[in-house]
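# Geometric and topological summary
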Amino acid sequence: MAFTRATGKHRRTGRVHRTTARAAGVAALATTGVVGTLAAPALAAEPAVEQSGLTPVVTIGDSVADEIDAQAVAQRQAAADAAAREAAKEARERAAEAAKEAREAKERAAREAERKRLNTFVAPITASYVSTAYQAGSSLWSSGSHTGIDFHASSGTTVHAVGVGTVVEAGWGGAYGNQVVIKMHDGTYTQYGHLSSIGVSVGQSVEPGQQIGLSGATGNVTGPHLHFEARTSPEYGSDMDPVAYLRSHGVNV
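Structure report, in brief. Counting of residues starts from 1 at the beginning of each chain's written sequence and follows it residue by residue. Note on the predicted model: pLDDT of at least 70 is required for a residue's local features to be given, and 80 or more for side-chain atom pairs to be given and counted; whole-chain, interface and lining totals, by contrast, use all residues. Where side-chain values are given, they derive from all heavy atoms of the structure, hydrogens and water being excluded.

## Comments concerning the nonpolar core
Across soluble globular proteins, nonpolar side chains show a tendency to be buried alongside one another. What counts is decided by this rule: To define a nonpolar core, start from buried Ala, Val, Leu, Ile, Met, Phe, Trp, Tyr and Cys residues and group those joined through side-chain atoms within 4.5 Å. Buried residues are those whose accessible area, probed at 1.4 Å on protein chains only, stays under 20% of the maximum for their type, while exposed residues exceed 50% and partly exposed ones sit between those limits. A run of DSSP states H or I qualifies as a helix once it reaches four residues; a run of E qualifies as a strand once it reaches two. Both are numbered from the N-terminal end. Should any heavy atoms of two residues lie within 4.5 Å, those residues are considered in contact.
Counting residues in hydrophobic clusters, the biggest one holds 25 residues, and the most contacted among them are Val180, Ile182, Tyr192 and Ile212. Elements with a contribution of two residues or more to this core: strand E4 (149–152), strand E7 (178–184), strand E8 (189–198), strand E11 (225–231) and helix H4 (242–248). Discounting chain neighbours no more than four positions away, the residues touching isoleucine 212 are Val159, His160, Ala161, Val180, Ile182, Tyr192, Ile198, Gly199, Val200 and Val206.

Structural data, given as structure tokens:
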């Protein structure tokens with residue numbers, strides 16, 4: 001019987017069998033728990049493979065592990081930096097909001113203080129009373145009636161501005177003697193007559209209760225007192241009821 005020599009095709013098949021056997025051997029060693037070094041040069045050059053049941057686990061080198069760890073650290077640091085930036089942004093926003101609220105509160109307080117200042121009125125003479133009423137009739141006055149009210153006061157008593165305003169007259173006023181006329185913040189005018197001395201000048205701003213002079217008996221008088229008028233203009237003859245004027249501003253007269 002004649003025999004045919006094996007061809008290259010058959011030899012190629014033999015190599016496939018060896019490769020398959022080698023893989024099977026590795027799997028068998030892992031499955032049985034045998035740990036060792038395979039002597040075959042071809043296997044030694046390949047990455048180590050661990051088996052856990054049917055799932056292969058590839059063992060990576062130290063350099064790759066270090067790179068992964070470094071990436072993880074960098075990611076954590078980036079996340080921490082982003083969180084810090086967000087926290088700083090929120091802190092700035094809270095600080096800005098607090099500053100805004102404080103500024104608005106300060107502005108409200110300033111407006112309230114200004115409103116209170118403008119609406120504060122006092123009597124021109126402290127702890128006094130009206131000794132001559134408004135529009136009282138007498139030949140002592142050229143108009144035939146009293147154009148203001150008189151407050152009882154001895155010479156040298158402090159005379160106060162009744163509210164916020166600006167001095168428009170300060171000097172001799174004829175029958176009124178030494179006088180001061182103030183334009184009030186609401187556009188009305190107040191007059192203080194028969195002063196023994198004047199303590200303010202034209203153009204000066206005054207506050208409620210500020211001393212503007214001292215009472216006396218200058219001009220057409222029969223004795224020391226303060227003549228007080230409320231007017232719609234700085235001129236004589238524009239008078240209005242001083243008691244009603246002061247009471248409308250909260251002054252008990």
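Now that the structure has been shown, we can carry on.
## What to know about the environment of glutamine 191
We apply this condition: Counting of polar contacts relies on pairs of N or O atoms within 3.5 Å, with two restrictions inside protein: one atom must be capable of donating a hydrogen and the other of accepting it, and residues adjacent in sequence are counted only when both atoms are side-chain atoms.
Positionally, glutamine 191 belongs in strand E8. Classification of glutamine 191 by relative accessible area gives buried; the value is 0%. Expressed as a C-alpha distance, the spacing of glutamine 191 and alanine 230, which sit 39 residues apart in the sequence, is 6.5 Å. With near-sequence residues (within four places) excluded, glutamine 191 lies in contact with Tyr176, Gln179, Val180, Val181, His227, Phe228, Glu229 and Arg231. Among the polar contacts made by the side chain of glutamine 191, one reaches the side chain of arginine 231 at a distance of 3.4 Å.

## Re the pairing of E11
Threshold: Any two strands with at least two DSSP bridges between them are considered paired.
For E11, a buried count of seven out of seven residues is recorded, marking the element as mostly surrounded by other parts of the structure. Of the two faces of E11, the one carrying His225, His227, Glu229 and Arg231 and the one carrying Leu226, Phe228 and Ala230 are both buried. One ladder, built from five bridges, connects E8 with E11; its direction is antiparallel. By the bridge assignment, tyrosine 189 is partnered in E11 with arginine 231.

## Topic: the pairing of E7
Burial runs high along E7: six of the seven residues are buried. Both strand E6 (residues 165–172) and E7 contribute to a ladder of seven bridges, which runs antiparallel. Across the sheet, glycine 171 pairs through a bridge with glutamine 179, a residue of E7. Taking the residues between adjacent antiparallel strands as the criterion, E6 and E7 are bridged by five residues, where glycine 174 takes a positive phi near 65 degrees. Pairing of E7 with E8, which is carried by five bridges, proceeds in the antiparallel orientation. Residue pairing in the sheet places valine 181 in a bridge with glutamine 191 of E8. Hairpin remark: E7 followed by E8, antiparallel, with four residues in the connecting loop; positive phi at glycine 187, about 95 degrees.

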